[in-house]
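Given next are the chains, with one letter for each unit.
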Amino acid sequence: METQFNDIRLSPHFGLAEFLNLKEHPDNIPTVQHVVNLTYGCLMLLEPARTVAGCPIIVNSGYRNAAYNARVGGVARSQHLAACAADIRPRDPRQFQLLVDFLRISEHTDQLLTGRGWLHVSWNPFGPPRHDVRIGYYK
């Protein structure tokens, strides 16, 4: 199943497969709307963040269907369920603060939660973002 998503590009530097984690969760298949939501996040937040950080961004988690979200202990109303969130980290850990600083002020950031060398960022393609920023949220 995973191979059918390997060649789908969401933006110049991000592919659909890296947001799905199909090796561990083979039932995590997105709908067309999920792909649209991920594309929005890549174009509006993740590509500009990658440029600012000056290095690739590693996606630890992206879209999660309900079963996958439950298996990893995600909250019931997680934005991952709508494919409007990603848990990320810069490939170069020295660029972490640059990434945080950019996403903190981006007009497209809905939520930014940081801690332990990675961060959760979300977006809202359907309305104005909340700009809910919590630095050091994950201890």
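Quick note: structure is the one above.
The shown structure was predicted, so the numbers you read here are calculated from the model rather than taken from an experiment.

Definitions and cut-offs
- Residues numbered from 1 in each chain as written.
- Predicted model: local features only at pLDDT ≥ 70, side-chain atom pairs only at ≥ 80, totals over all residues.
- Heavy atoms only, no water.
- Helix = DSSP H or I, 4+ residues; strand = E, 2+ residues; numbered from the N terminus.
- Rg over C-alpha atoms; globule rule 2.2 N^0.38 Å.
- Buried < 20%, exposed > 50% of the residue type's maximum accessible area, 1.4 Å probe, protein only.
- Pairing = 2+ DSSP bridges.
- Phe/Tyr/Trp six-rings, centres within 6.5 Å; stacked < 30°, edge-to-face > 60°.
- Core = buried A, V, L, I, M, F, W, Y, C linked by side-chain atoms within 4.5 Å.
- Contact = heavy atoms within 4.5 Å.
- Axes fitted to C-alpha atoms, helices over the stretch in contact; angles between N-to-C directions.
- Parallel < 35°, antiparallel > 145°, perpendicular 65-115°, else oblique.
- Left-handed = near helix turned anticlockwise from the far one by under 90°.
- Nonpolar A, V, L, I, M, F, W, Y, C, P; charged D, E, K, R; others polar.

### Digging into the overall build of the protein
Along the protein, the regular secondary structure elements total four helices and seven strands. From first element to last, N terminus to C terminus, the protein shows the α and β order α-β-β-α-β-α-β-α-β-β-β. For the protein, whose C-alpha radius of gyration is 14 Å, the value lies close to the compact-globule estimate of 14 Å for 139 residues. Each of the three principal axes of the protein carries a C-alpha extent, and together these read 35 × 30 × 30 Å. In the protein, which comprises 139 residues, the proportion classed as buried is 47%.

### Digging into the pairing of strand 6 (residues 118-122)
Counted residue by residue, strand 6 has five buried out of five residues, so it is predominantly covered. Residues Trp-118, His-120 and Ser-122 line one face of strand 6 and the alternating positions Leu-119 and Val-121 line the opposite face, and both faces are buried. Both strand 4 (residues 85-90) and strand 6 contribute to a ladder of four bridges, which runs antiparallel. Looking at strand 6, one finds that Ile-88 is bridged to Leu-119. Note: strand 5 (residues 111-115) against strand 6, five bridges, orientation antiparallel.

### Some remarks on the packing of aromatic side chains
Across all of its chains, the model carries three aromatic pairs by this definition. Between Tyr-137 and Tyr-138 the ring centres are 4.9 Å apart and the planes differ by 90°, which places this aromatic pair in the edge-to-face class. Under the relative-accessibility criterion, Tyr-137 is labelled partly exposed at 41%. Of the aromatic side chains, those joined through ring pairs into one cluster are Trp-118, Tyr-137 and Tyr-138.

### Regarding the nonpolar core
Counting residues in hydrophobic clusters, the biggest one holds 31 residues, and the most contacted among them are Phe-19, Leu-38, Ile-88, Leu-99, Leu-103, Leu-119 and Val-121. Secondary-structure elements contributing two or more residues to this core are helix 2 (32-53), strand 3 (57-61), strand 4, helix 4 (96-105) and strand 6. Among the elements that make up this core, the one with the highest residue count is helix 2 (six residues). Each residue touching Leu-99, except ones within four places of it in the same chain, is listed here: Ala-49, Ala-53, Ile-57, Ile-88, Arg-89, Pro-90 and Leu-119.

### What to know about the packing of helix 2 against helix 4
At a closest axis distance of 9 Å, the pairing of helix 2 and helix 4 adopts a crossing angle of 135°. Considered as vectors, helix 2 and helix 4 are oriented oblique to each other. Seen from above, helix 2 lies across helix 4 with right-handed handedness. Contacts between helix 2 and helix 4 involve Leu-45, Pro-48, Ala-49, Val-52 and Ala-53 from the former and Leu-98, Leu-99, Phe-102 and Leu-103 from the latter. Class assignment for the residues of the contact of helix 2 with helix 4 results in nine nonpolar, no polar and no charged.

### Some points on the sheet that holds strand 5
On the basis of which strands lie adjacent, the open sheet formed by five strands has the order 3-4-6-5-7 and mixed pairing. This sheet does not close on itself; its edge strands, each paired only once, are strand 3 and strand 7 (132-134). Taking the axes of each pair of neighbouring strands and ignoring which way they run, one obtains an average angle of 25° across the sheet. Lying on the sheet, helix 4 is in contact with strand 3, strand 4, strand 5, strand 6 and strand 7; it crosses strand 6 at an angle near 20°.

No statement about biological role is implied by the geometric values presented.
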